[in-house]
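Given next are the chains, with one letter for each unit.
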Amino acid sequence: MDILRGIKGAPDWLPPEAGAFDAVERAFLDTAALGGYERVRTPVFEPTEVFARGVGASTDVVQKEMYTFEDKGGRSITLRPEGTAGVLRAALEAGVPRSGTLPVKWSYAGEFFRYERPQAGRQRQFTQVGVEALGATDPVLDAEVVLLGWEALKRAGVGEMTLRINTLGDRVDRPAYHERLNAYLDDFEGDLPPDVAERRHLNPMRAFDAKAPGMAEIMAGAPLLADHVNDEAKAFHEEVCGLLEAEGLVLTHDDRLVRGLDYYTRTTFEYQAAGLGAQNAVGGGGRYDGLAEDLGWPEPFPGVGWALGVDRTLLALGEAAAPPPRAEVFVVAADPTLAPQAFGLVARLRRAGVAADQAFAGRRMKAQLKLADRSGARLALVLGADELARGVVTVKDLASGSQREVADAEVLAAVTG
RNA sequence: GUGGCCGUAGCUCAGUCGGUUAGAGCGCCGCGUUGUGGUCGCGGAGGUCGCGGGUUCGAUUCCCGUCGGUCACCCCA
């Protein structure tokens, strides 16, 4: 019988990569905390409507990538494909817009699910860390969010990065622009790839993303959203960019950066890293001033945020991924009958906060030292009948090979000193 | 959902122009040291050559199918 296998696209993280994975996640979260973003945890599944209405019906995410099922009560449930819709749903449900001081700044981390064909940097279950700043429309807030994401990636160790940024204007700008763009596309009706032809009436901006042969030429002459952004939004964007440039960030303005989620308004941005294969975005985000209303809130409740891909960042880090912490001290029993004493010594060290380990399965001393070496421990503590009789422990420095005897009562000091 | 490439030891891979006992490196275990690792030497364990079918005297090798992996498209973290 074949062994049972995991689910396609649901990765197992094992040592040492899992340790590096945690380090990346921690770096992101720590950076968010430095910015005053407080942790929230929301469910991994939501009513399907949260995403269908929040993320947008025209998006690939909603149209073909959601893990949707019916629970035993007949409700349609979806495994979260992204974080913003669920977090905002939680904020609205808690009445955040009408309580407390705004903006509220939250961070989250967790697993997300999208039914896609796996490839380098893309799995069906993946991990993101995100921040959402809710309840304020202020270019300083947008700049803070964008800068914080950049700093988070830096803190995790990512080297070469580019920051692409764009403004999509407000929702009031959309209808007029959509109409213009669709009128333009009408002239090419017969040449449009099926997916574009189908979706352009829901959201014609997706046509800019289409890479089918010939589309680049068609879109080269298309009207740009940038020309339909209202003056206030334009000024807002310039202020955001100015703040970021003052902090030394090099911006790559990309007026085709649309992002595949319908809720974005005004600021959209994306962090790209080298060494990732085809999927080179390690994070992205933007402002979503209309999302709360999509989720049923009676009045506008603005927000801005980003999500960073932990898996992808790890991929970008490659060999530079931080090595996980290892045991400091490895206890070796020279004789199998001393196992209880070794066990006790390990326990004593651990209680004192020293990362300690030992060998099992009654290995010979030679093999135990080999394991001590492999563990990366700095010191080996050798316990033998000899030492026991004299109330001492042999402390061996594994790098130099030198060793000395230390009185039992002095062991902790010798190890920590 | 579509396409390319790949499935041989725990891992990374070689090999068989179809032929009798399928190899290497790393890792693992043991011996060289009866209480001392990282180097070295010697030895050992470990393989239905992904699975099913076909062609053939004979298939791990050729063909078909299937499953799995991987990369890319679409899109995104």
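Cut-offs and rules
Residues numbered from 1 in each chain as written. Chains lettered and ligands numbered in written order. Predicted model: local features only at pLDDT ≥ 70, side-chain atom pairs only at ≥ 80, totals over all residues. Heavy atoms only, no water. Pairing = 2+ DSSP bridges. Helix = DSSP H or I, 4+ residues; strand = E, 2+ residues; numbered from the N terminus. Contact = heavy atoms within 4.5 Å. Domains from an automatic or database assignment. Polar contact = N/O pair within 3.5 Å; in protein donor to acceptor, adjacent residues only side chain to side chain. Near = heavy atom within 4 Å. Axes fitted to C-alpha atoms, helices over the stretch in contact; angles between N-to-C directions. Parallel < 35°, antiparallel > 145°, perpendicular 65-115°, else oblique. Left-handed = near helix turned anticlockwise from the far one by under 90°. Nonpolar A, V, L, I, M, F, W, Y, C, P; charged D, E, K, R; others polar.

(A) Geometry of the sheet that holds strand β9 (residues 265-273). Spatial strand order, β1-β5-β6-β11-β10-β9-β7-β8: eight strands in an open sheet with mixed pairing. Edge strands, defined here as strands with exactly one partner in the open sheet, are β1 (38-39) and β8 (251-253). As judged from the two bridges shared by β1 and strand β5 (residues 104-113), these two strands associate in the parallel manner. What sits directly across from glutamate 38, in β5, is tryptophan 106.

(B) Up close: the environment of arginine 89. For arginine 89, the location among the structural elements is in helix α4 (residues 84-93). The spacing of arginine 89 and aspartate 294 is 205 residues in sequence and 10 Å in space, taken between C-alpha atoms. Discounting chain neighbours no more than four positions away, the residues touching arginine 89 are Pro43, Glu46, Val50 and Leu295.

(C) The arrangement of the domain arrangement of chain A in detail. One can read the domain layout of chain A as domain 1 (17-170 + 229-320), domain 2 (175-202 + 209-221) and domain 3 (329-416). One C-alpha centre belongs to domain 1, the other to domain 3; they are set 48 Å apart.

(D) Region of the structure containing the environment of lysine 154. Along the chain, lysine 154 turns up in helix α5 (residues 139-156). When the C-alpha atoms of lysine 154 and phenylalanine 28 are compared, they prove to be 9.3 Å apart, with 126 residues separating the residues in sequence. Each residue touching lysine 154, except ones within four places of it in the same chain, is listed here: Gly159 and Met161. For lysine 154, the side chain forms a polar contact with the main-chain oxygen of glycine 159, separated by 2.8 Å.

(E) Layout of the protein's contact with RNA strand B. Contacts to RNA strand B come from 48 residues, most closely from Arg114, Arg122, Arg259, Gly260 and Arg374. The contact atoms of RNA strand B, taken as those within 4 Å of the protein, divide so that sugar and phosphate hold 55%. Glutamine 119 places a side-chain nitrogen or oxygen 3.1 Å from a phosphate oxygen of RNA strand B. Here a sugar or linking oxygen of RNA strand B and a backbone polar atom of alanine 281 are 3.2 Å apart. Listing elements by their share of the surface near RNA strand B, those giving two or more residues are α3 (60-64), β6 (125-134), β10 (281-287), β11 (303-309), α13 (365-375) and α14 (385-390). When residues in the surface near RNA strand B are grouped by element, the largest group, six residues, is from α13.

(F) Broad picture of the sheet that holds strand β3 (residues 67-70). Taken together, three strands build an open sheet; the order of strands is β2-β4-β3 and the sheet is antiparallel. What marks the edges here is a single partner per strand, and that holds for β2 (45-47) and β3. Direction aside, the axes of adjacent strands within the sheet are offset by 30° on average.

(G) Looking closely at the packing of helix α1 (residues 17-34) against α5. Two numbers describe how α1 lies on α5: the axes approach to 8 Å, and their chain directions differ by 140°. Here α1 is positioned oblique relative to α5, judged by the angle of their axes. Judged by the sense of rotation from one axis to the other, the crossing of α1 with α5 is right-handed. Facing α1, whose interface residues are Val24, Ala27, Phe28, Asp30, Thr31, Ala32 and Leu34, α5 presents Leu148, Glu151, Ala152, Leu153, Arg155 and Ala156. Along the lines of polarity and charge, the residues of the contact of α1 with α5 split into nine nonpolar, one polar and three charged.

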